[in-house]
Amino acid sequence: MSPIESAAVDAAINRARTRQAVHLAPEPSVHTAPDEQTVLARLLRHRLGLANHPAVISGHSDERHMLLPGGIHYPAVALLLSHQGWSLRFLATYNDRRRLVFDVVDTCPYCHEPVPTEEIGRAEDLGDYLLRSRDALGGSPRFRLSPAHAVGCRARGD
Ligand SMILES: [Zn+2]
């Protein structure tokens, strides 16, 4: 396991044990960032508790997913979190309550395409995801709606 994964798993186990998540400071100001991808990378870093971590987060437009539910103009942003040869992909979008959310992108178990799989709001969520302990929560709301599934994939809700 990478150090980021180990820390996330420890946080998840601690949350399960104490029923309390680590307090997250207010989200960083985004008004001084030079562009949207920098804003999103900063927010993901903050939510995962990696503010002072040397991990790199890079971003690019994801033309297959839209930033807003039902949107057609603004693409979502794909983010790659990487550190020491380990990496994890995320998709940044707004949910239907206009809150910015990050989904971890993983392989669809049916069509094997990379799709938004689980909403990750903090390090504890990532730990739960890595431990595969979130089955009861049912995964990301974006999973069934993702246009990244192969045509005819049975994961897609119609
Ligand atoms: Zn699929």
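In case you missed it, the structure is sitting above this.
A brief structural summary. Bear in mind the structure is a predicted one, so any value in this text is a computation, not a measurement.

What counts, and at which threshold
Residues numbered from 1 in each chain as written. Predicted model: local features only at pLDDT ≥ 70, side-chain atom pairs only at ≥ 80, totals over all residues. Heavy atoms only, no water. Buried < 20%, exposed > 50% of the residue type's maximum accessible area, 1.4 Å probe, protein only. Helix = DSSP H or I, 4+ residues; strand = E, 2+ residues; numbered from the N terminus. Pairing = 2+ DSSP bridges. Axes fitted to C-alpha atoms, helices over the stretch in contact; angles between N-to-C directions. Contact = heavy atoms within 4.5 Å. Donors = N, O, S within 2.8 Å, 3.2 Å for Na, K, Ca; no water. Parallel < 35°, antiparallel > 145°, perpendicular 65-115°, else oblique. Nonpolar A, V, L, I, M, F, W, Y, C, P; charged D, E, K, R; others polar.

## A word on the pairing of strand 2 (residues 75–83)
For strand 2, the tally of buried residues reaches seven of nine residues, placing the bulk of the element in the interior. Pairing geometry for strand 1 (residues 56–66) and strand 2, over eight bridges, is antiparallel. Within strand 2, the residue paired with Gly-59 across the bridge is Leu-79. What sits between strand 2 and strand 3 (residues 86–94) in their antiparallel hairpin is a turn of two residues, with Gln-84 showing a positive phi close to 50°.

## What to know about the sheet that holds strand 5 (residues 114–119)
Within a sheet, neighbouring strands are paired by backbone hydrogen bonds and run either parallel or antiparallel to one another. Strand order in the open sheet formed by five strands is 1-2-3-4-5, with antiparallel pairing between adjacent strands. Each having just a single partner strand, strand 1 and strand 5 make up the two edges of the open sheet. This sheet shows a mean twist of 40° between the axes of neighbouring strands, independent of strand direction. Relative to strand 3, strand 2 runs antiparallel, the two sharing seven bridges. Its bridge partner lying in strand 3, Ser-82 is registered against Ser-87. Its contacts with the sheet place helix 3 (residues 123–130) against strand 3, strand 4 (100–107) and strand 5, and it is angled at close to 120° to strand 5.

## Notes on the coordination of the zinc ion
Coordination sphere of the zinc ion, protein contribution only: Cys-108 (SG), Cys-111 (SG), His-149 (ND1) and Cys-153 (SG), at 2.0 to 2.3 Å. Sequence positions of the donors to the zinc ion reduce to the motif C-x2-C-x37-H-x3-C. With Cys-111 in the loop between strand 4 and strand 5 and His-149 in the segment after helix 3, this residue pair connects regions lying 38 residues apart in the sequence. By the burial criterion, Cys-111 is buried, and His-149 matches it.

## Looking at the packing of helix 1 (residues 3–18) against helix 3
Relative to each other, helix 1 and helix 3 sit at 100°, their axes nearing to 7 Å. Taken together, the axes of helix 1 and helix 3 are roughly perpendicular relative to one another. Residue-level inspection shows Ile-4, Glu-5, Ala-8, Val-9, Ala-11, Ala-12 and Arg-15 of helix 1 in contact with helix 3, the latter providing Ala-123, Glu-124, Asp-125, Leu-126, Gly-127, Asp-128 and Leu-130. Taken together, the residues of the contact of helix 1 with helix 3 sort by class into eight nonpolar, one polar and five charged.

None of this, on its own, says anything about what the molecule does.
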